[in-house]
Amino acid sequence: MIPPIADSDDPTSQIPWPAARSRQHPQAEPGVNPNPGTPSADSDASDSRRSRAVSPKRQMSTWDLITLSISMAGAQIAWTVELGYGTPFLLGLGLEEHLTSLVWLAGPISGLVAQPVIGALSDASTSKYRRRFWIGVSTIALVVSTFVLAYCVELADFIVDLLAVGAGDWAERRKEIAKNTAIGLAIVSFYVLDFALNGLQASLRNLLLDVTPPSQLSSANAWHGRMTNAGNIVGFGFGYLPLGTLPLIRLIGGTQFRKFCVICIVILLITVWMTCANHHEEERPQSRNRQGSMRDVFVNIYSAIMNLPKPIRRVCYVQICAFMGWFPFLFYSTTYVGQVMAYELNKEPDPELATRKGEFAMLIYSIVGVAAGTILPHLATRDRRLMGAKSDVDEDAEISRLRAMVRDWRIEAARQGKALKLPVMPFLLRNIWTGALLFFSFLTLSTFFITTVFQATIFISLVGICWAVAMWVPFAIIMELLKEPPPPVRAARDNQRPFHTRNISTPSNLYRLPNERQPLVRRRSFDEYEQRADEEILPGKPLAGGTILGIHNLAIVLPQLMVAIATSIIFQIVDGPSSGGSDTYYGKNGVAWALRFGGVCTLLGAMLARRVPPTPTEKAMRRRLGEMKLLGEEANP
């Protein structure tokens, strides 16, 4: 079990190295003995408090990261119940086709409400179960709703018989009421399922934010992305298997859909248990600003939206543009394969064959997503030699440590007769994100040249690379910004840029004497390594992690409503009004234009991604690398 680490009053705002260290002389720090050689009455207590406040959490092993993220696979498998098989199931119950769109409103509605509210409520809690409580509640709701979906016809018959409606099974009135009851149970269950899924995914990401060390946030989010794609593979894979012929599973009885629902329930319970049993939050002291009512919760959510730090706000802007491209792909990719098949055959294809081809393309897409989610995070692997150290209590201590490191490397290189080789800065997260958005735009615009099902399958499969980045990078950026807020703007500017003067007789209280680092700063500008205070620095106060992640989800959900309007207009213009004919795919080209519309939106998102600043960790690493380069250029004494 991962033990709780008391590193700050609010684990969503853990202070990193070197942001945690003072930019001032140690004498200016309250509670610190100005003379290290002279013991003070409160030095031991002060050192103990400081050690608890800044000590990093225990590094997680690969198994820890797997158990932390495996519940995302269980949640995604449950999501495939709705995403892959929901519409055919509802139509099979007798729901009219034009009414299914009302059911799918549950997705954006639940995303707009569930994630921000649950994030705010769990942020306000001080319990060590504040995240796992909502994980448990959401899981129970998921199990109940999925079970009702699996047995809605039998439950409807039981309810009708219990209320003694109709003369008997043979009565038409009784059959009609039973059918409508089954449809009602299914619709309510889908809404509950959507709200529960959003609550579960939000709580799992909040738990990740609480228990993961800042240096491993990128890796943890990458594992979340891998598990999401793995859940897709398992979900679509079970959908293909003839479950009625498998041992034990065939004992469940009923349709393929029912067997699949029961399997999802079992997998979900196992994965959630693995996460909750192996990871737990730190109990926090009572806060004086606890939320007292739901009104306070919504007021705080609104206040958080209005006062989002600029870096996080820019991530949300990018997400709005990115998911304007993602939703057309997620909703219509299988339909696109059918339309391409109709174009290739020059006739209406067999609907079942077209659906299977589309589902196969999505299966390959999920496999590519898992592979990309495993490989791409290595591009952002941080060299620990560029990370901060506990001994970096101020800038002089850090530069002394770096000088000693570079000197050792120079000696070792000279002994081997080689040139000095410094660490390499990894790819910035925003650069990887920008590349994925540009690649997505390129792929969607390539639909102008796709004429065969094989080409369409390759197109859909390659999009899995972009999806792996979408499920990893923006969440990693958000969480690093939440966990590692830099110092307040004024304090950083006042101390990193000392007042320079050439008048030696100037009183000492008007300027600071240069230390050993200042000549290095003047030899080469380090502005590129520093934060631009006017637009990129986060406030120094702690941020409510769950609430911010919920707001980030709003930026993901809102495009779904805009896409629904935009695609309906595109279909109306390209394919014209429905003529009531039997052709579903033949002569249709609206989906291709919807995908191209999404590609243009993601192109705008790629431009906005360039405005997202590097995370505080990346800035600090880049600054240390610049200092190492200057130290490496110094002549040997």
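See the structure printed just above.
Residues numbered from 1 in each chain as written. Predicted model: local features only at pLDDT ≥ 70, side-chain atom pairs only at ≥ 80, totals over all residues. Heavy atoms only, no water.

Undergrad: I'd love a proper account of the overall build of the protein, names of residues and values included.
TA: Looking only at helices and strands, the protein features 21 helices and zero strands. Relative to its full complement of 637 residues, the protein shows a buried share of 51%. Of the contacts formed within the protein by residues at least 6 apart in sequence, a portion of 84% connects residues at least 24 apart. (Helix = DSSP H or I, 4+ residues; strand = E, 2+ residues; numbered from the N terminus. Buried < 20%, exposed > 50% of the residue type's maximum accessible area, 1.4 Å probe, protein only. Contact = heavy atoms within 4.5 Å.)

Undergrad: Summarise the nonpolar core; cite the residues concerned and give the values.
TA: Of all hydrophobic cores here, the largest spans 118 residues; its most connected members are Trp326, Phe329, Tyr336, Phe459 and Trp472. A domain-level breakdown of this core finds at least three residues from each of domain 1 (59-281) and domain 2 (314-382 + 425-481 + 542-636). With sequence-adjacent residues up to four places away left out, Tyr336 is seen in contact with Thr447, Ile450, Ala456, Phe459, Val591, Ala592 and Leu595. Core analysis: the next-biggest nonpolar cluster, separate from the first, contains 12 residues, Ile399, Leu422, Met621 and Met628 among them. (Core = buried A, V, L, I, M, F, W, Y, C linked by side-chain atoms within 4.5 Å. Domains from an automatic or database assignment.)

Undergrad: Run through the environment of Ala436, naming residues and quoting values.
TA: Tracing the sequence through the fold places Ala436 in helix H14 (residues 429-445). In this structure the C-alpha to C-alpha distance between Ala436 and Ala470, which are 34 residues apart in sequence, comes to 8.0 Å. Beyond its immediate sequence surroundings of up to four residues, Ala436 is in contact with Cys466 and Val469.

Undergrad: Requested: an account of a nonpolar patch on the surface, with residues and values cited.
TA: Among the surface-exposed residues, Leu445, Phe448, Phe449, Ile565, Ile569, Ile573, Val574, Trp593 and Val600 lie close enough to one another that they form a single nonpolar patch of about 920 Å² accessible area. For the nonpolar patch, the secondary structure elements donating two or more residues are helix H19 (545-574) and helix H20 (590-609). No other element matches H19, which puts four residues into the nonpolar patch. Structurally, the position occupied by Ile569 is in helix H19. (Patch = residues over 30% accessible without salt bridge, like charges linked within 9 Å, V, L, I, M, F, W, Y side chains within 5 Å. Areas by Shrake-Rupley, 256 points an atom, 1.4 Å probe, with all protein chains shown as cover. Salt bridge = Lys/Arg side-chain N within 4 Å of Asp/Glu carboxyl O.)

Undergrad: Can you break down the packing of helix H11 (residues 310-345) against H14 residue by residue, with the values?
TA: Two numbers describe how H11 lies on H14: the axes approach to 12 Å, and their chain directions differ by 30°. Viewed along their axes, H11 and H14 adopt a mutual orientation that is roughly parallel. In the crossing of H11 with H14, the sense of the turn from one axis to the other is left-handed. Contact with H11, carried on its side by Val315, Val318, Gln319, Ala322, Gly325, Trp326 and Phe329, involves Trp433, Leu437 and Phe440 of H14 and no other residues of that element. Class assignment of the residues belonging to the contact of H11 with H14 gives a composition of eight nonpolar, two polar and no charged. (Axes fitted to C-alpha atoms, helices over the stretch in contact; angles between N-to-C directions. Parallel < 35°, antiparallel > 145°, perpendicular 65-115°, else oblique. Left-handed = near helix turned anticlockwise from the far one by under 90°. Nonpolar A, V, L, I, M, F, W, Y, C, P; charged D, E, K, R; others polar.)

Undergrad: Quick one: what's the story with the pattern of salt bridges, residue by residue and with numbers?
TA: Pairing of side chains with opposite charge becomes possible as their charged atoms draw close. Within this structure, the stated rule accounts for nine salt bridges. Asp210 is paired through a salt bridge with Arg130; the nearest N and O atoms lie 3.1 Å apart. You can see Asp210 sitting in helix H7 (residues 172-211) and its partner Arg130 sitting in the loop between helix H4 (106-124) and helix H5 (132-150), a full 80 residues away along the chain. With respect to class, Asp210 is no different from Arg130; both count as buried. The salt bridge partner of Arg131 is Asp210, with a shortest N-O separation of 3.1 Å. With Arg131 in the loop between H4 and H5 and Asp210 in helix H7, this pair connects stretches of sequence that are 79 residues apart. Beyond isolated ion pairs, a larger network of salt bridges with shared partners links Glu398, Arg623, Arg624 and Glu627.

Undergrad: Explain the packing of aromatic side chains residue by residue, including any values.
TA: In the structure shown here, the tally under the stated rule is 14 aromatic pairs. A ring pair is formed by Trp326 and Phe329, whose centres lie 6.0 Å apart and whose planes are at 80°; its orientation type is edge-to-face. Taken together, the residues span about one helical turn, with Trp326 and Phe329 both in helix H11 at a distance of three residues. The exposure class of Trp326 is buried, given its relative accessible area of 2%. Pairing Phe329 with Phe459 gives two aromatic rings, centres 6.2 Å apart and planes at 90°, and the pair type is edge-to-face. (Phe/Tyr/Trp six-rings, centres within 6.5 Å; stacked < 30°, edge-to-face > 60°.)

Undergrad: I'd like a rundown of helix H12 (residues 351-375), residues and numbers included.
TA: Here H12 contains 25 residues, and its C-alpha end-to-end distance of 36 Å stays within 8% of the 36 Å for a straight helix at 1.5 Å per residue. Among all positions of H12, only Ala354, Gly358, Glu359, Ala361, Met362, Leu363, Tyr365, Ser366, Gly369, Ala372 and Gly373 are buried. The N-capping residue of H12, defined by a side-chain oxygen 3.0 Å from the backbone nitrogen of Leu353, is Asp350. (Expected span 1.5 Å × (residues − 1). Polar contact = N/O pair within 3.5 Å; in protein donor to acceptor, adjacent residues only side chain to side chain.)

Undergrad: Tell me about the packing of H12 against helix H15 (residues 453-470), and name the residues and values.
TA: Relative orientation of the contacting elements H12 and H15 amounts to 35°, with a least axis distance of 7 Å. The two elements H12 and H15 cross, and the hand of that crossing is right-handed. Here Lys357, Phe360, Ala361, Met362, Ile364, Tyr365, Val368, Gly369, Ala372 and Gly373 of H12 lie close against H15, whose contacting residues are Val453, Thr457, Ile460, Ser461, Val463, Gly464, Ile465, Trp467 and Ala468. Looking at the contact of H12 with H15 residue by residue, the class counts come to 13 nonpolar, five polar and one charged.

Undergrad: Just give me the short version of the environment of Gly235, but keep the residues and values in it.
TA: Mapped onto the fold, Gly235 is located in helix H8 (residues 217-240). You can call Gly235 buried: its relative accessible area is 0%. Separated by 162 residues in the primary sequence, Gly235 and Ala73 have C-alpha atoms spaced 9.4 Å apart. Setting aside residues up to four positions removed in sequence, Gly235 forms contacts with Ile77, Thr80, Tyr85 and Phe260.

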